[in-house]
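The chain contents come next:
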Amino acid sequence: EVQLVESGGGLVQAGGSLRLSCSRSGFPFDDYVVAWFRQAPGKEREEISCISVGGGSETSTSYQDSVKGRFTITSDNAENMVYLQMDNLKPEDTALYYCAADPSWSFKCPYFGMIYWGNGTLVAVSS
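The present account deals with the structure reproduced in this document.

Calculation notes
In this convention, every chain numbers its residues from 1, walking through the sequence in written order. Given that this is a predicted model, residues contribute local features only at a pLDDT of at least 70 and side-chain atom pairs are listed and counted only at 80 or more, while totals for whole chains, interfaces and linings are drawn from all residues. Just so you know, side-chain values use all the structure's heavy atoms and leave hydrogens and water out. Each helix is a run of DSSP H or I of at least 4 residues and each strand a run of E of at least 2, with the numbering of both proceeding from the N terminus. Atoms counted for the radius of gyration: C-alpha only. Globule rule: 2.2 Å times residue count to the power 0.38. Any two residues having at least one pair of non-hydrogen atoms within 4.5 Å are treated as being in contact. In this description, accessible areas are obtained by the Shrake-Rupley approach with a 1.4 Å probe, and a residue is regarded as covered only by the protein chains that are shown. The nonpolar core is taken to be a set of buried Ala, Val, Leu, Ile, Met, Phe, Trp, Tyr and Cys residues, with the residues joined through side-chain atoms within 4.5 Å. Three exposure classes are used, based on accessible area relative to the maximum for each residue type with a 1.4 Å probe and protein chains only: buried under 20%, partly exposed in between, and exposed over 50%. Two strands qualify as a pair provided DSSP detects at least 2 bridges between them. Note on disulfides: each one is a pair of cysteine sulfur atoms within 2.5 Å. Orientation is described by axes fitted as lines to C-alpha atoms, over the contacting stretch for helices, and by angles from 0 to 180 degrees between their N-to-C directions.

1. Notes on the overall build of the chain
Regarding its fold elements, the chain presents zero helices and 11 strands. In the chain, the succession of helices and strands from N to C terminus is β-β-β-β-β-β-β-β-β-β-β. In terms of overall size, the chain behaves like a compact globule, its C-alpha atoms giving a radius of gyration of 14 Å where 127 residues would be expected to give roughly 14 Å. By principal-axis analysis of the C-alpha atoms, the chain measures approximately 40 × 25 × 25 Å. Sequence separation of at least 24 residues holds for 59% of the intrachain contacts in the chain that already meet a minimum separation of 6. Only carbon and sulfur atoms are counted for the fraction: they give 48% of the accessible area of the chain, which is about 6,300 Å².

Below is the structure:
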């Protein structure tokens with residue numbers, strides 16, 4: 001049973017930092033793709049970062065231009081965790097952040113064929 005649970009969201013001031021965590025379980029292989037999506041009020045859901053893992057090691061990553069240089073995605077395969085370090089947060093980063101995955105193979109990022117989703121964690125950035 002594949003499950004994804006996000007945590008780490010909260011309210012921060014502009015310029016601050018947060019570290020989001022995605023706890024994954026039920027993945028049959030050490031080859032998978034995990035990505036972070038977000039959805040702000042009135043906007044479409046968008047993929048902001050993706051990581052592909054093959055043999056337990058990172059093979060590729062991707063970032064949306066709006067977060068490039070500020071956000072960093074990492075995977076701790078042994079601990080079954082994927083993280084999104086968010087630095088220099090801006091009010092426009094305010095959104096519900098989701099972790100999503102395809103646990104079948106190390107498809108190259110960016111990747112949009114995710115079939116499992118967490119319930120999200122809220123990030124609010126005040127000016």
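So that's the structure; there's more coming.
2. A closer look at the nonpolar core
Counting 27 residues, the largest nonpolar core has Val34, Trp36, Phe71, Leu84, Met86 and Tyr97 as the members making the most contacts within it. The set of elements that each furnish at least two residues to this core consists of strand E3 (18-25), strand E4 (32-39), strand E5 (46-54), strand E7 (71-76), strand E8 (81-86), strand E9 (95-102) and strand E11 (121-126). A total of four residues in this core trace back to one element, the largest contributor, which is E9. In this structure Leu84 touches Leu18, Arg19, Leu20, Trp36, Ile48, Ser49, Phe71, Thr72, Ile73 and Tyr97, once residues within four positions along its chain are discounted.

3. A word on the pairing of E4
Successive side chains on a regular strand alternate, one facing one side of the sheet and the next facing the other. Among the eight residues of E4, seven are classified as buried, and the element is accordingly described as predominantly covered. Here E4 pairs with E5 via seven bridges, running antiparallel. Bridge assignment links Val33 to a residue of E5, and that residue is Ser52. Hairpin connection, E4 to E5: the antiparallel pair is bridged by six residues, and Gly42 has positive phi, about 75°. Sheet topology places E4 next to E9; seven bridges connect them, and they run antiparallel. Bridge pairing links Arg38 to Tyr97 in E9.

4. Some remarks on the state of the cysteines
Tallying each qualifying case throughout the model produces two disulfides. The partner cysteine of Cys22 in its disulfide is Cys99, sulfur to sulfur 1.9 Å. Its torsion about the S-S bond being -70°, the disulfide of Cys22 and Cys99 is classed as left-handed. Within this pair, whereas Cys22 is found in strand E3, its partner Cys99 is found in strand E9, the two being separated by 77 residues in sequence. Considered together, Cys22 and Cys99 belong to a single accessibility category, that of buried residues. Between Cys50 and Cys109 runs a disulfide, and the two sulfur atoms are separated by 2.0 Å. Taking the sign of the S-S torsion, about -65° here, the bridge from Cys50 to Cys109 comes out left-handed.

5. A closer look at unusual backbone geometry
The residue after Cys109, namely Pro110, is reached through a cis peptide bond having omega 0°. Its place among the elements puts Pro110 in the loop between E9 and strand E10 (116-117).

6. Focus on the sheet that holds strand E1 (residues 3-7)
Spatial strand order, E1-E3-E8-E7: four strands in an open sheet with antiparallel pairing. Each edge of the open sheet is held by one strand with a lone partner, namely E1 and E7. On average, each strand axis in the sheet is tilted by 15° relative to the strand beside it, whichever way the strands run. Where E1 and E3 come together, five bridges link them in antiparallel fashion. Counted as the bridge partner of Leu4 is Arg24 from E3.

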